[in-house]
Amino acid sequence: PLAEVAEWGGPDPIVCVTQTLGEIGEAGKDGFTRAMELPHWRSRRLTVSYLAREYGDGGPPKAFAIERLKEALQDSNWGVRKAAAWTLMFGSPGQTEEERAQHVVPHLIPLLTDPSRRVRTAVVGFLGIWAGLRATPELVRQAFPLLDICRAASLETDAKTLRRFQGLLRHTVRAQDNVE
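Everything numeric in this text was worked out from a predicted model, so none of it was measured. (Residues numbered from 1 in each chain as written. Predicted model: local features only at pLDDT ≥ 70, side-chain atom pairs only at ≥ 80, totals over all residues. Heavy atoms only, no water.)

### Let's talk about a positive patch on the surface
Among the surface-exposed residues, Lys82, Arg117, Arg118, Lys160, Arg163 and Arg164 lie close enough to one another that they form a single positively charged patch. Only helix 8 (117-134) and helix 11 (159-177) provide two or more residues apiece to the positive patch. Ranked by residues supplied to the positive patch, first place goes to helix 11 with 3 residues. Along the chain, the position of lysine 82 falls in helix 6 (residues 78-90). (Patch = residues over 30% accessible without salt bridge, like charges linked within 9 Å, V, L, I, M, F, W, Y side chains within 5 Å. Areas by Shrake-Rupley, 256 points an atom, 1.4 Å probe, with all protein chains shown as cover. Salt bridge = Lys/Arg side-chain N within 4 Å of Asp/Glu carboxyl O. Lys, Arg positive; Asp, Glu negative; His and termini not counted. Charge placed at Lys NZ, Arg CZ, Asp CG, Glu CD. Helix = DSSP H or I, 4+ residues; strand = E, 2+ residues; numbered from the N terminus.)

Given below as structure tokens:
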């Protein structure tokens, strides 16, 4: 079905990609790896969603899925990077906040200076939500390098992203001040 996506007038691309991912995903780890190498960005973005949804129910093992998601943070398409960031932060079932602090947040920090405004805005928002609602001050202190966040905020030119940076910085500074 993916060949049909390239043709104008073919079936709905999302339907084709979903069907193809379903077929590839049945092949296990190799199928997910192949799906992340497909040239069409929508197929890679949907694979990111499949990884999160499937690895708890007979899909790929958690460690494998997380590694593929971390690789997707480097994808050439902003939509794939944004989906991978969200999935790592919030779509990983059974992941503790400590695991997020140690194994996820360090991979999201570089996205604060991503070339895409959409990715930066989303990641700053994801980190701000996590810092404000889910993480303890101790985890925020451990996970958030204040200097890197300040540097990224100083380079930001988008007003919406800057407002989100203010919230993230507020949570980070409060956590630093909350040393017991």
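Resuming the write-up.
### Focus: the packing of helix 6 against helix 8
Viewed as axis vectors pointing N to C, helix 6 and helix 8 meet at an angle of 10 degrees, and their least axial separation amounts to 9 Å. As the angle between them shows, helix 6 and helix 8 are arranged roughly parallel. Two secondary-structure elements touch here, helix 6 through Trp78, Arg81, Lys82, Ala85, Trp86, Met89 and Phe90 and helix 8 through Arg118, Val119, Ala122, Val123, Phe126, Leu127, Ile129, Trp130 and Arg134. Here the residues of the contact of helix 6 with helix 8 sort into 12 nonpolar, no polar and 4 charged. (Axes fitted to C-alpha atoms, helices over the stretch in contact; angles between N-to-C directions. Parallel < 35°, antiparallel > 145°, perpendicular 65-115°, else oblique. Contact = heavy atoms within 4.5 Å. Nonpolar A, V, L, I, M, F, W, Y, C, P; charged D, E, K, R; others polar.)

### Topic: the environment of glycine 167
Tracing the chain through its elements places glycine 167 in helix 11. Between the C-alpha atom of glycine 167 and that of glycine 128, which follows or precedes it by 39 residues, the distance is 6.3 Å.

### Comments concerning the nonpolar core
Formed by 45 residues in total, the largest nonpolar core has its most connected members in Met89, Leu108, Leu112, Leu127, Trp130 and Phe144. The set of elements that each furnish at least two residues to this core consists of helix 4 (41-54), helix 5 (62-72), helix 6, helix 7 (97-108), helix 8, helix 9 (137-143), helix 10 (146-155) and helix 11. Counting residues per element, this core draws most heavily on helix 8, which supplies 8 residues. (Core = buried A, V, L, I, M, F, W, Y, C linked by side-chain atoms within 4.5 Å. Buried < 20%, exposed > 50% of the residue type's maximum accessible area, 1.4 Å probe, protein only.)

### With respect to helix 7
Buried residues of helix 7: Glu97, Arg100, Ala101, Val104, Val105 and Leu108, and no others. Projection of helix 7 onto a plane perpendicular to its axis shows the buried side chains occupying an angular sector of 135 degrees, all on one side. In this structure, the buried residues of helix 7 make contact with helix 6, helix 8 and helix 9. (Arc of directions from axis to C-beta.)

### Some thoughts on the environment of alanine 83
Checked against the element boundaries, alanine 83 lands in helix 6. Sequence separation between alanine 83 and alanine 72 is 11 residues; the distance between their C-alpha atoms is 8.6 Å. In this view, alanine 83 contacts Arg45 and Val48; residues no more than four positions away in its chain are not counted.

### Looking at the pattern of salt bridges
One pass over the structure, following the stated rule, counts 8 salt bridges. Between glutamate 71 and arginine 68 there is a salt bridge whose closest N-O contact spans 2.6 Å. With glutamate 71 and arginine 68 both in helix 5, this residue pair falls 3 residues apart, about one helical turn. By relative accessible area, glutamate 71 is classed as partly exposed at 45%. You can call arginine 68 buried: its relative accessible area is 14%. Note that arginine 81 and aspartate 114 form a salt bridge whose closest N and O atoms lie 2.8 Å from each other. Within this pair, whereas arginine 81 is found in helix 6, its partner aspartate 114 is found in the loop between helix 7 and helix 8, the two being separated by 33 residues in sequence. Exposure class is identical for arginine 81 and aspartate 114. Each is buried.

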